[in-house]
Amino acid sequence: MSDQVLSALAHFLARWQRDGEARRGLPLCDWEADWRSPCQLQEQVDGRIPWRPYQRTEPADFSALAEALELTLHPDALALFGHWFSRPIPCLFKGLRLELILPWNEDDLDLLKENLIGHLLMLRKLKRTPSIFIATTRNEMTLISLDNESGQVWLEWLDSGRRLVLAPSLAEFLARLETLSQ
């Protein structure tokens, strides 16, 4: 299944990049000297730098996170977070505006892992099934999550525990994403 996720993610990122660059040129982000990324394409100009999603040569290692939680992480989550660096990607899913989460660099990947640990421990404390957040919405109490057991993609309300299935798999979710300019 993770090969399908990698393919769907690569196709979506290529579409996002093609559509975005046709509308507005390369995406720009604020330049931070101590927050470099292989996504950055040139030197900064006026405090801004152009970038593109960057495919890693080696996948990230999540074994320490899985061991710390005593939990086998769904392979689709490992495929999503472990193979690309990027800024959050603004997009739409059936009219819902969201930002797909991807790490910007190795340090950001470490922060993502820490946040995943916190999220999974919170769910464990609340006696909810484990989910892995993959995107944010405009409402900070609502996330797009991957069910760690079934691989379904959910709209998840953190405050109530309510969950709505959006797609039967991450690959299908990614295939249905619509591009949105930054």
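Placed above this text is the structure.
The structure displayed is predicted, hence computed values, not measured ones.

Draft legend 1. Inspection of the packing of helix 1 (residues 2-24) against helix 3 (residues 75-82) at higher detail. In contact at an axis separation of 8 Å, helix 1 and helix 3 are set at 35° when each is read in the N-to-C sense. Where helix 1 crosses over helix 3, the two elements pack in a sense that is right-handed. Seen from helix 1, the contacting residues are Ser2, Val5, Leu6 and Leu9; seen from helix 3, they are Pro75, Asp76, Ala79 and Leu80. In the contact of helix 1 with helix 3, the residues fall into 6 nonpolar, 1 polar and 1 charged.

Draft legend 2. Spatial organisation of the side chain of Ser131. Topologically, Ser131 is positioned in strand 7 (residues 131-137). Taking the relative accessible area as the measure of exposure, Ser131 reaches 0% and is therefore buried. Among the polar contacts listed, one links the side chain of Ser131 to the side chain of His119, at a separation of 3.3 Å. At 2.8 Å, the side chain of Ser131 and the side chain of Glu156 are in polar contact. Setting aside residues up to four positions removed in sequence, Ser131 forms contacts with His119, Leu120, Leu123, Ser145, Leu146, Asp147, Asn148, Trp154, Glu156 and Arg163.

The rules we used
- Residues numbered from 1 in each chain as written.
- Predicted model: local features only at pLDDT ≥ 70, side-chain atom pairs only at ≥ 80, totals over all residues.
- Heavy atoms only, no water.
- Axes fitted to C-alpha atoms, helices over the stretch in contact; angles between N-to-C directions.
- Helix = DSSP H or I, 4+ residues; strand = E, 2+ residues; numbered from the N terminus.
- Left-handed = near helix turned anticlockwise from the far one by under 90°.
- Contact = heavy atoms within 4.5 Å.
- Nonpolar A, V, L, I, M, F, W, Y, C, P; charged D, E, K, R; others polar.
- Buried < 20%, exposed > 50% of the residue type's maximum accessible area, 1.4 Å probe, protein only.
- Polar contact = N/O pair within 3.5 Å; in protein donor to acceptor, adjacent residues only side chain to side chain.

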